[in-house]
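Residues per chain are reported as follows:
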Amino acid sequence: MKGFSFRSLTFMLLIAFLVWSSYIETCNARRGKHWRQSRSASASLYKKKGKSHGSSHHSSNGGSVKPKTPPPRASSPPVPKEGIPSKPPKKGNNNDHAATLNVLDFGAKGDGATDDTKAFQAAWAAACKVEASTIIVPSQYKFLVGPISFSGPYCKQNIVFQLDGTIIAPTNSKVWGSGLLHWLEFTKLVGITVQGKGIIDGRGSVWWQDSPSQDPFDDEETLIVPSNNTVNKNLPAPISSSLGGKMPSIKPTALRFYGSFDVTVTGITIKNSPQCHLKFDNCIGVTVFSMHVSSPGNSPNTDGIHLQNSRDVLIHNTDLACGDDCISIQTGCSNVYVRDVNCGPGHGISIGSLGKDGTKACVSNVTVRDVIMHNTMNGVRIKTWQGGLGTVQGILFSNIQVSEVQIPIIIDQFYCDRSKCKNQTAAVAISGITYEKIRGTYTVKPVYLACSDSLPCTGVTLNSIKLEPMQEGYHLYDPFCWQTFGELLSPTLPPVSCLQLGKPPSNHIQNDHEAC
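The name an unreviewed UniProt entry assigns to the protein is Polygalacturonase, from the organism Escallonia herrerae. The Subcellular location (unreviewed entry) comment attached to the protein in UniProt states, word for word, "Secreted, Cell wall". The protein has a UniProt comment under Sequence similarities (unreviewed entry) that states "Belongs to the glycosyl hydrolase 28 family."

Can you help me understand the sheet that holds strand S27 (residues 447-450) in this one?
The strands making up a sheet associate through backbone hydrogen bonding, with each pair oriented either parallel or antiparallel. Overall, parallel pairing links the eleven strands, which are arranged S5-S8-S11-S14-S17-S19-S21-S23-S25-S27-S29 in an open sheet. The open sheet has two edge strands with one neighbour each: strand S5 (148-151) and strand S29 (480-482). For this sheet, the mean angle separating the axes of adjacent strands, direction not counted, is 15 degrees. Pairing of S27 with S29, which is carried by three bridges, proceeds in the parallel orientation. Opposite Tyr448, over in S29, you have Phe480 as the bridge partner.

It is not clear to me how the pattern of salt bridges should be interpreted in this structure. Could you clarify?
Charged atoms that come close allow side chains of opposite charge to pair. Across all of its chains, the model carries eight salt bridges by this definition. Lys383 is the partner of Asp325 in a salt bridge, and the nearest nitrogen-oxygen pair spans 3.3 Å. Here the residue Asp325 occupies a position in the loop between strand S18 (311-321) and strand S19 (327-329), and Lys383 occupies one in strand S23 (residues 378-384), the gap between them amounting to 58 residues. Judged by relative accessible area, Asp325 falls into the buried class, the value being 1%. In this structure, the salt-bridge partner of Arg339 is Asp340, at a minimum N-O distance of 2.7 Å. In this structure Asp340 comes out as partly exposed when scored by relative accessible area, which is 32%. Connected through shared salt-bridge partners, Glu185, Arg256 and Asp281 make up one network.

Could you clarify how one ought to interpret the pairing of strand S21 (residues 349-354) in this entry?
In regular strands, side chains alternate between the two faces of the sheet. Extensive coverage of S21 is indicated by the burial of five of its six residues. Where S19 lies against S21, three bridges are found, and the strand directions are parallel. Opposite Ile329, over in S21, you have Ile351 as the bridge partner. Alignment of S21 against S23, held across four bridges, turns out to be parallel.

Quick question: what am I supposed to make of helix H4 (residues 117-127) here?
Taken together, the buried positions of H4 are Thr117, Ala119, Phe120, Ala123, Trp124 and Ala127. One side of H4 holds all its buried residues, which, seen down the axis, span an arc of 165 degrees.

Help me understand the state of the cysteines in this model?
Note on terminology: a disulfide is the covalent bond linking the sulfur atoms of two cysteines. Counting across every chain of the model gives six disulfides. Here Cys326 is linked by a disulfide to Cys343, with a sulfur-sulfur distance of 2.0 Å. Handedness of the Cys326-Cys343 disulfide follows from its S-S torsion of about 85 degrees: it is right-handed. On the criterion of sequence distance, the pair formed by Cys326 in the loop between S18 and S19 and Cys343 in strand S20 (residues 333-343) is long-range, its members being 17 residues apart. Of the two residues, Cys326 and Cys343, neither departs from the other in class, the shared state being buried. Linked covalently through their sulfurs, Cys451 and Cys457 form a disulfide whose S-S length is 2.0 Å. Taking the sign of the S-S torsion, -100 degrees for the link of Cys451 and Cys457, the bridge is left-handed. Across the protein, the disulfide pattern expressed with sequentially numbered bonded cysteines is 1-2, 3-4, 5-12, 6-7, 8-9, 10-11. Cys276 takes part in no disulfide bond, and the closest cysteine sulfur, belonging to Cys322, lies 8.7 Å away. Take Cys276: its relative accessible area is 4%, and that puts it in the buried class. Looking at the unpaired Cys333, the closest cysteine sulfur is the one in Cys283, lying at 10.0 Å. You can call Cys333 buried: its relative accessible area is 2%.

The rules behind the values
Residues numbered from 1 in each chain as written. Predicted model: local features only at pLDDT ≥ 70, side-chain atom pairs only at ≥ 80, totals over all residues. Heavy atoms only, no water. UniProt positions renumbered as here; feature names shortened; annotations may be inferred. Pairing = 2+ DSSP bridges. Helix = DSSP H or I, 4+ residues; strand = E, 2+ residues; numbered from the N terminus. Axes fitted to C-alpha atoms, helices over the stretch in contact; angles between N-to-C directions. Salt bridge = Lys/Arg side-chain N within 4 Å of Asp/Glu carboxyl O. Buried < 20%, exposed > 50% of the residue type's maximum accessible area, 1.4 Å probe, protein only. Arc of directions from axis to C-beta. Disulfide = S-S within 2.5 Å.

Structure follows, in structure tokens:
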């Protein structure tokens with residue numbers, strides 16, 4: 001009985017062991033996700049398939065370890081290395097210090113006596129290589145600079161000339177040789193800006209005094225007859241030439257831009273230029289605002305702003321005082337917009353003179369509005385030479401306030417800046433001219449419209465004209481018209497009854513050679 005029991009117990013324990021052993025193998029297989037034969041077999045498979053196929057490993061005692069994190073997939077973007085910026089640097093301006101260039105760092109003294117021309121040239125050469133660079137002309141310094149050209153066309157774009165100090169012109173006649181047309185010149189640039197609170201001083205009185213008789217005179221002076229038959233020709237007392245030599249008869253423009261795109265001039269003051277103060281020639285996209293021109297009213301041929309062969313021009317919020325036209329718009333100009341300008345003293349705002357020596361002149365789409373003129377020779381004017389070709393069309397003069405202006409409204413197709421000019425039949429065609437809201441006081445004649453016999457002015461419109469005389473020391477004249485055709489949209493003061501309504505009975509039609 002006992003033997004049976006012992007054998008039975010032994011048999012049951014054997015069965016239990018086998019069941020327990022089978023259960024252990026099953027659990028180990030589940031924990032490892034898959035069963036491996038041996039450690040050597042696992043190593044052999046690892047070498048054959050690569051690390052990516054070994055997601056888990058077992059210990060020698062059959063236990064499992066946590067699988068390692070797999071490496072990133074090949075398609076994932078690489079992580080930037082330390083020190084490499086995640087954003088690209090600013091274009092053309094990797095070094096802010098290199099892009100800001102002070103002329104003092106290039107040897108300029110700024111004492112008003114030392115010639116700083118070479119320092120300015122060196123600063124420009126460095127700025128020319130860096131896009132959006134800035135040249136600093138610091139305040140509280142006075143720089144003597146001779147004739148200089150800041151030129152492209154291989155300069156980088158968007159250079160800023162930050163003028164906060166003063167630049168003065170030399171009065172040594174030897175510096176100018178036989179005569180130069182320009183003093184400070186920017187040529188063939190894109191995105192050039194001249195800005196700041198500084199001054200460009202041409203010290204022009206030595207030029208004006210040396211050769212006033214050689215300068216052409218404004219033809220409208222012949223219409224001005226003071227009651228005492230005198231005309232004030234006194235020029236301001238000149239500064240003396242530094243070497244006592246006579247200045248050349250060719251006088252330079254103070255600041256000129258040529259062949260450039262996207263030009264901006266703002267904030268600065270240009271004063272006492274030997275001739276024109278600010279000139280734009282063959283430029284596209286010009287903006288001038290919040291700047292000042294200052295010269296005596298009797299300084300000869302010192303135009304404030306001169307435009308030639310330029311288009312897409314905006315001039316606004318600017319003060320212009322000079323001895324010639326506050327703004328002169330010459331041939332080749334179109335899409336010009338002038339507003340919020342103070343003019344005076346000076347000769348007003350003019351289109352022309354055009355067509356000199358038989359040349360072709362083309363001016364179109366010009367607007368001048370919201371202008372104040374005080375003590376000027378003319379108001380708004382178009383002037384052309386006999387014998388010229390081309391057209392002036394699409395012109396609007398609007399909301400012009402005049403005060404003590406000698407002749408507020410002028411078209412003169414017989415312009416002549418010399419003692420005598422030859423009579424000729426050819427003329428620049430003038431059409432589509434509107435004068436509206438021209439109001440204030442005059443001292444000589446309210447309206448002067450003198451057009452060509454062979455090519456009369458057409459489409460001249462007057463609207464809301466109210467001009468009253470100032471009666472201090474001057475003979476006053478009635479409005480004058482000759483061969484001028486158009487319409488009156490409202491009564492004028494004084495009445496401009498000389499304007500012929502409609503179109504001329506027979507009008508010369510320009511051929512391809514004459515037209516623009």
